[in-house]
Amino acid sequence: MVIVQQQEEEIRQGGGKKGMRLGKYEVGKTLGEGNFGKVKYAKHIDSGQSFAIKILDKDRIIDLRSTDQIKREIGTLKLLKHPNVVRLYEVLASKSKIYMVLEYVNGGELFDRIVSKGKLKEAQGRKLFQQLIDGVSYCHEKGVFHRDLKLENVLIDSKGNIKITDFGLSALPQHFRDDGLLHTTCGSPNYVAPEILSNRGYDGATSDTWSCGVILYVILTGYLPFDDRNLAVLYQKIVKGDVHIPKWLSAGAKNLIKRILDPNPHTRITMEEIKEDKWFKEDYTPVNPDEEDLEDDPASTDNQVLAVQETPLDAQRDPESPCVINAFELIGMSSCLDLSGFFEKEDVSERKIRFTSSLSPKQLLERIENMVTQMGFHVQKKNGRLKVMQDHKSQKSTANLSVVAEVFEISPSLYVVELRKSSGDSTVYRQLCNRISSDLGVQRSQELIATDVY
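Residues numbered from 1 in each chain as written. Predicted model: local features only at pLDDT ≥ 70, side-chain atom pairs only at ≥ 80, totals over all residues. Heavy atoms only, no water.

The name that an unreviewed UniProt entry assigns to the protein is non-specific serine/threonine protein kinase, with the source organism given as Nicotiana tabacum. Quoted verbatim from the Cofactor (unreviewed entry) heading of the UniProt record, the comment on the protein is "Mn(2+)". Taken from UniProt, the Function (unreviewed entry) comment for the protein reads in full: "CIPK serine-threonine protein kinases interact with CBL proteins. Binding of a CBL protein to the regulatory NAF domain of CIPK protein lead to the activation of the kinase in a calcium-dependent manner." (UniProt positions renumbered as here; feature names shortened; annotations may be inferred.)

The next subject is the UniProt feature "binding site: ATP" (unreviewed entry) in the protein. As recorded in UniProt, the sites labelled "binding site: ATP" (unreviewed entry) are K54. Relative to the helices and strands, K54 resides in strand β4 (residues 50–57). In contact with K54, other than residues within four places in its own chain, are K38, V39, E73, I98, Y99, M100 and L102. A polar contact of 2.9 Å, which involves the side chain of K54, links it to the side chain of E73. (Helix = DSSP H or I, 4+ residues; strand = E, 2+ residues; numbered from the N terminus. Contact = heavy atoms within 4.5 Å. Polar contact = N/O pair within 3.5 Å; in protein donor to acceptor, adjacent residues only side chain to side chain.)

On the basis of which strands lie adjacent, the open sheet formed by 6 strands has the order β1-β2-β3-β4-β6-β5 and antiparallel pairing. Only two strands of the sheet have a single neighbouring strand rather than two, namely β1 (20–22) and β5 (88–93). If you compare each strand with its neighbour and ignore which way they point, the axes differ by 40° on average. Summarising the sheet, strand β3 (residues 37–44) and β4 pair through 7 bridges and their orientation is antiparallel. Residue pairing across strands places G37 opposite L56, the latter belonging to β4. On the sheet, helix α3 (residues 67–79) packs against β4, β5 and β6 (97–103) and is oriented at approximately 35° with respect to β6. (Pairing = 2+ DSSP bridges. Axes fitted to C-alpha atoms, helices over the stretch in contact; angles between N-to-C directions.)

The next subject is unusual backbone geometry. Despite not being glycine, R147 shows a phi value in the positive range, around 70°. Within the secondary structure layout, R147 lies in the loop between α5 (122–141) and β7 (154–156). With a phi angle near 55°, D283 is a residue other than glycine that sits in the positive phi range. If you trace the backbone, D283 turns up in the loop between α11 (278–281) and β9 (323–324). A relative accessible area of 68% places D283 in the exposed class. (Buried < 20%, exposed > 50% of the residue type's maximum accessible area, 1.4 Å probe, protein only.)

Have a look at this one:
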């Protein structure tokens, strides 16, 4: 632990000088600063891959009463795997800091690009807007509503593609009230939808669509559609939706902007309708989100960053070796900053089941494979995991159950078996889990049970 404290102090004072280590990462220059800490460039020591590490100060988070915001951002990013959304790879922690290991995007903010070079050509602007809509609509399909879409939260990578970032104000389905609407007023003044200002509730998808329209307007014109130094006047303009559209824009671009910046949320164009728009569809190639399930990069958390072995990236993992899980992920580091449940879905029917065993990872996976095969399931093996799928030929159920089984190492003689449902009937899933845990002759520990309750 002394080494951890020493490294943290050196990182804090030295600005990430060359050779500074944080687990398996070499920390470099500061990329930016925010309310809770700094973002630093980092390189994975083994692979040489570049990352951005967001270093959050726990005391600062507590002082600003922003625990929920950090939880929301981490939990949300874990759900999202899309080429146009910044990727969260893992989370580390010490007694005083939280470290979010993020995808490194080296092209800067779209805001800076517009400020320095002005508006984009229509074809180039359309391409970026297509990527924005792909990314945002994917988030909506996952039940995530950004609520703070603006040029500053859209990054550009080295290939000129966009990456949506900063999900600290995002909302999930559980944040909706009984009326099916969101009620928290948030967002940036120039990009906020008129219905949010009315304080009568709003639809997260519809308000995000409005913000996308503001972004489209800016990248095609070089200035904001609604702007005034007086906030009251600015909000009056937004509520009226009276936007001046330059005559030199093409008819298709004008029409789409008008349909998106419709002050009436009920008649405003939807994401699906945008994708069918003639101007939008020109040279449009939809992107496919990254495969999840077996391709999923497991996020890990440590209560002592260097004292506990970190989870390796999938590309570097020995297929025969187990992942490493730790006490921090299982029981949480403290009552006010408990991260143990961040990476699991909120729906109780989809929660993970974990139990301990002293059997070796190889023995555990072999016994699980034999057991579920006898029960009529198919098995796929990859990166030290098993994907268990229902055999439709032998099962009358149409539940299409799919379960991933993985073994994590706590110590050289103690392992955790984790079963998580990707899809299918929850009752069948529970029966499968009970059969596996019963046949393996193990008991779920009290500490692990706590991680299954949200």
